[in-house]
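Chain by chain, the residues run as shown.
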Amino acid sequence: MKLVRGAWKLLVGIKDALVLLFMLLFFIGLFAVLSARPNPAAVKDGALVFNIDGMIVEQPSETDPFAAFGGGEGIKEYRMRDLVRALDAAKTDTRVKAVVLDLDRFMGGYPAAVAEVGQAVARVRAAGKPVLAYATGYTDSGYLLAANASEVWVNPMGGTLFGGPGGSRLYYKGLIDKLGVTAHVYKVGKFKSAVEPYILTGQSPEAKAANEALYGTIFGQWQEAVAKARPKAKLAQMIAQPDVVVAAANGDIAKANLDAGLVDKLGDRLAFGKRIAEIAGADANKPAGNYKTIKLANWLEANPAKKDGDA
């Protein structure tokens, strides 16, 4: 009987320990969820930080609740209207001492959506509010946002890289011929580039003309927007002859960008943080390079979208 009573006490002890552990994990999770919720009351004087570590989209895709169990997170998506609303609300709010664009992990977006956010950044700058952008490297979309800032910073080890829209395409005609395969394609008209990879080894003159018309227009609009934001920047030369421009700076891309007026300051994150601290105030509880911040989620909660008007 003593053995049975001992075993029973052991089982009861294990059960109680598991219950306590479960309750502890439950309350820790509840606290984490409540802490992660946007808090408009937390908005104090500081710099409004746009840490856009994903893509700008018109409408974010629906989140799969079981995706997290697959071993990885998807690409973050930021609604264009939310970013524009946040920027417009920051123009006249005295609590926002500066707007910070952290574009180190920005992954771009559709040209129209990025351009819309860029115009909102320009409105903040035009209102006299300091806007500071930082990235180790700027691509087309990231630079379109940064160009509208009052100060564009780049890491001394980085720089800009403009590739333009479009891309490459594989053509299988040569492989098909070597394999002795006959491809039967039926089409009407000249502008039918979808089937060209199976019947040609390169794009047809019609496909080339169509691509140049589409992507040329998109790239032209990008250049016009950048030139409007930074009229003194030597953008055309950086696009047409980037090798010559960089060679003139002894291979230093960041310095070449600075000389061309594409960026205003060279510095690492510590120097960038100190610069913002001069404007928005330093965070006394953290090391040098930290500054008072306003989280974007809290700011959006404090400035909800208007829901008046006709349904």
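What this report covers is the structure whose coordinates are included nearby. Please read all numbers here as calculations on a predicted model, not as lab measurements.

What follows is about the overall build of the protein. When helices and strands are tallied, the protein shows 12 helices and 8 strands. Per-residue burial over the protein gives 32% buried out of 311 residues. The contacts of the protein with a sequence gap of at least 6 include a subset with a gap of at least 24, amounting to 70%. Of the roughly 19,800 Å² of accessible surface on the protein, a fraction of 59% belongs to carbon and sulfur atoms.

This part covers the environment of Glu151. Looking at the element boundaries, Glu151 is found in strand E6 (residues 151-160). The class for Glu151 is buried, based on a relative accessible area of 14%. Setting aside its immediate chain neighbours within four residues, Glu151 contacts Val131, Leu132, Ala133, Asp264, Lys265 and Arg275. Of the polar contacts made by the side chain of Glu151, one reaches the side chain of Arg275; its length is 2.6 Å.

Within the element layout of this structure, Asn155 appears in strand E6. Here the side chain of Asn155 touches Tyr134 through a polar contact of 3.1 Å, side chain to side chain.

Here the focus is the sheet that holds strand E5 (residues 131-138). With respect to topology, 6 strands assemble into an open sheet ordered E7-E6-E5-E4-E1-E8, the strand pairing being parallel. The sheet is open, and its two edges are formed by strand E7 (265-266) and strand E8 (293-294), each paired on a single side. With 2 bridges joining them, strand E1 (residues 46-51) and E8 adopt parallel strand pairing. Within E8, the residue paired with Leu48 across the bridge is Ile294. In this fold helix H2 (residues 80-90) packs onto E1 and strand E4 (96-102), with an angle of close to 165 degrees to the strand it touches most, E1. The strands that helix H11 (residues 269-280) touches are E1, E4, E5 and E6; relative to E5, the one it contacts most, it runs at about 175 degrees.

Once that is clear, we can look at the pattern of salt bridges. Taken as a whole, this structure holds 14 salt bridges when the rule is applied. Among the ionic pairs, Asp104 bridges to Arg269, the shortest N-O distance being 3.2 Å. Of this pair, Asp104 sits in the loop between E4 and helix H3 (111-126) while Arg269 sits in helix H11, and the two are 165 residues apart along the sequence. Connected via shared salt-bridge partners are Asp53, Lys76 and Arg105.

This paragraph deals with H11. Under the 1.5 Å per step criterion, the end-to-end length of H11 is 16 Å for 12 residues, consistent within 8% with the ideal 16 Å. Along H11, the residues classified as buried are Phe272, Gly273, Ile276, Ala277 and Ala280. Down the axis, H11 shows its buried residues gathered within 140 degrees of arc, on one side only. Residues of H11 that are buried make contact with E1, E4, E5 and E6. Once H11 ends, the next one or two residues include Gly281, with phi positive near 100 degrees.

Here is what the cut-offs are and how they apply
Residues numbered from 1 in each chain as written. Predicted model: local features only at pLDDT ≥ 70, side-chain atom pairs only at ≥ 80, totals over all residues. Heavy atoms only, no water. Helix = DSSP H or I, 4+ residues; strand = E, 2+ residues; numbered from the N terminus. Buried < 20%, exposed > 50% of the residue type's maximum accessible area, 1.4 Å probe, protein only. Contact = heavy atoms within 4.5 Å. Areas by Shrake-Rupley, 256 points an atom, 1.4 Å probe, with all protein chains shown as cover. Polar contact = N/O pair within 3.5 Å; in protein donor to acceptor, adjacent residues only side chain to side chain. Pairing = 2+ DSSP bridges. Axes fitted to C-alpha atoms, helices over the stretch in contact; angles between N-to-C directions. Salt bridge = Lys/Arg side-chain N within 4 Å of Asp/Glu carboxyl O. Expected span 1.5 Å × (residues − 1). Arc of directions from axis to C-beta.

By themselves, these figures tell us nothing about what the structure is for.
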